[in-house]
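Secondary and tertiary structure notes
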Amino acid sequence: MEEMLKEKYIFYEEIGKGGSGKVFKAYDRHLQCLVAVKRFRAEDKISEKELGMLKELRHPVFPAVLDFLEDGEFKYLVMEYIEGRNLEDYIREKGTVGQEQAVEWALELAEVLTELHERKCPVIYRDMKPANIMIDEKNRVRLVDFGTALLRYQEGEEACAGGTWGYAAPEQFVKGGGMADERSDVYGLGTTLFHMLTGCDPSKPPFLMQPLRFYDRKLSAGLERAVRKATEQEREKRYATIRRMKQDLENYRRSDRIKAGAETGIKAAYGIVLTGMMLLFLRLWVWLERQEAYGQRGNAAGLGMGFGRTWAEREFLLLAACIFMLCIGRAVINRLRCRGCRGIRQEKNVLLTVKKGKGLVTVFLIAVCTAGIAAGGNVWAKDGKEQIGTEAAEPKENMLFVIVRNGQGQKLLIRYDAEYRLSETLRLEFPLEDFEQGEHYELRLECVNRDSGAAQSRVLLFAPQEQ
């Protein structure tokens, strides 16, 4: 049989490896084309089941079975070779998959799973993950590896345990527990979509799946809800069927449009009210300054509204307080909305910061309001009221700011409660403006082995000079 294999196929390289066997790229001399040959041990019943599944299932997404050979210790399953690349490698290279593209691929996979579930003899795939998905030359998904698939009403211990940790639903690892069903594939598709959108592998530490917008605030809120529902630990809380999940993935933009319209209306109303108050505030400020310069002459002439200077001062401070409260209220609301949605992403087990420019307008407005209140206080003081003295500012403690970057120059967010497995050089940057020119400094860097307690240290002496 070994001679027959060599006569019929030319083996090139290993292109895949899993629990059910190894996959090789080979050339079929008779068909004169490339093929994928999966080798597994003769006693492996799971791969025989995979062969039966692939022979029975006919769909463009599945690789076609071309041949099956036995060679004593091993068996060989010859399948169509899919020209393209693995989705896992794609994510590793790109970092993430764009939202529109990720949803498109998820819908293609949902269509395939729907057909599997709605067959006369339903099939549960059970091992949905990027490593089992190929992206062909036409940018379409192809599903491979049916080693853990099972018939919906199959019985036995084998049907109760299987899948890849992190991607497979929790009930798939319970021996003697309930049978995996359509909701188990809902979970697998949800975790795969999560990996595509965030670039975070749920099968690796820290084994957590935060909401999508925890990693990227630009992602859709409707899509975030769909992924969260699909990946619930309790299967009763997930989508009952893949078809229901597919509908939400197709319509997630609708809820986003409704929410965006409401937010736009609220922001517009907020801007109009705040702008009106600011204009009136500034007008009162100018009028009060004129009254201070010219005494009490023309109390009502400045605005032509028939009120006196004392009344104007009260309105001035009231407007300042309202503007201040509006700004503080918006800042609080933004803070509450962003709770648990920090702008970070994970790459090579290190959390990277994402720069944001939001909140600058609010800070500016608060600063203007504070200045206005201070000005109003001065007006009252000049009118004979108590002068409020300002205490001398306490000197701030000098702090040494350190910027940490990886080999690509990306700034890292270092957390003291986490352990990072780094495989490249770290760079530490100290801004020279934090040091006095001409002074001499000693910088000590100490690294301690947490297991043995052994310490290594280096001392750097430097004196910043004016460039």
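Since the model is a prediction, treat every value here as computed from it, not as a measurement.

Scoring rules and cut-offs
Residues numbered from 1 in each chain as written. Predicted model: local features only at pLDDT ≥ 70, side-chain atom pairs only at ≥ 80, totals over all residues. Heavy atoms only, no water. Helix = DSSP H or I, 4+ residues; strand = E, 2+ residues; numbered from the N terminus. Buried < 20%, exposed > 50% of the residue type's maximum accessible area, 1.4 Å probe, protein only. Contact = heavy atoms within 4.5 Å. Areas by Shrake-Rupley, 256 points an atom, 1.4 Å probe, with all protein chains shown as cover. Polar contact = N/O pair within 3.5 Å; in protein donor to acceptor, adjacent residues only side chain to side chain. Salt bridge = Lys/Arg side-chain N within 4 Å of Asp/Glu carboxyl O. pLDDT = per-residue confidence, 0-100.

1. Section: the overall build of the chain
A count of helical and extended segments in the chain gives 10 helices and 16 strands. Residue burial in the chain is summarised as follows: out of 467 residues, 37% are buried. Across the chain, every contact between residues at least 6 apart in sequence was considered, and the portion connecting residues at least 24 apart equals 58%. Split by element, the accessible area of the chain, about 28500 Å² in all, is 53% carbon and sulfur.

2. Remarks on helix H7 (residues 221-230)
Counting buried positions over the 10 residues of H7 gives seven, a clear majority of the element. Taken residue by residue, H7 has Ala221, Gly222, Leu223, Glu224, Ala226, Val227 and Ala230 as its buried positions. A side-chain oxygen of the first residue of H7 lies 3.1 Å from the backbone nitrogen of Gly222; this N-cap is Ser220.

3. As for the pattern of salt bridges
Here the structure, examined in full by the defined rule, presents 14 salt bridges. Residue Arg92 is joined to Asp89 by a salt bridge in which the shortest nitrogen-to-oxygen separation is 2.6 Å. Residue Arg92 and its partner Asp89 are both found in helix H3 (residues 87-94); the two are separated by three residues, about one turn of the helix. In this structure Arg92 comes out as exposed when scored by relative accessible area, which is 55%.

4. Regarding unusual backbone geometry
Of note, the phi angle at Gln32 is positive, near 55°, even though the residue is not glycine. Topologically, Gln32 is positioned in the loop between strand E2 (21-28) and strand E3 (33-41). Classification of Gln32 by relative accessible area gives exposed; the value is 60%. With phi around 65°, Asn139 is a residue other than glycine that occupies positive phi space. Within the secondary structure, Asn139 is located in the loop between strand E8 (133-136) and strand E9 (141-143).

5. Structural notes on the confidence of the model for the chain
Of all residues in the chain, 70% attain a pLDDT of 70 or more, and the chain-wide mean is 75. For residues 340-365, every residue scores under 50 in pLDDT, and the model assigns this stretch 59 contacts once sequence neighbours within four places are set aside. Considering only residues more than four positions removed or in separate chains, one finds that residues 374-396, a stretch of pLDDT under 50, has 15 contacts.

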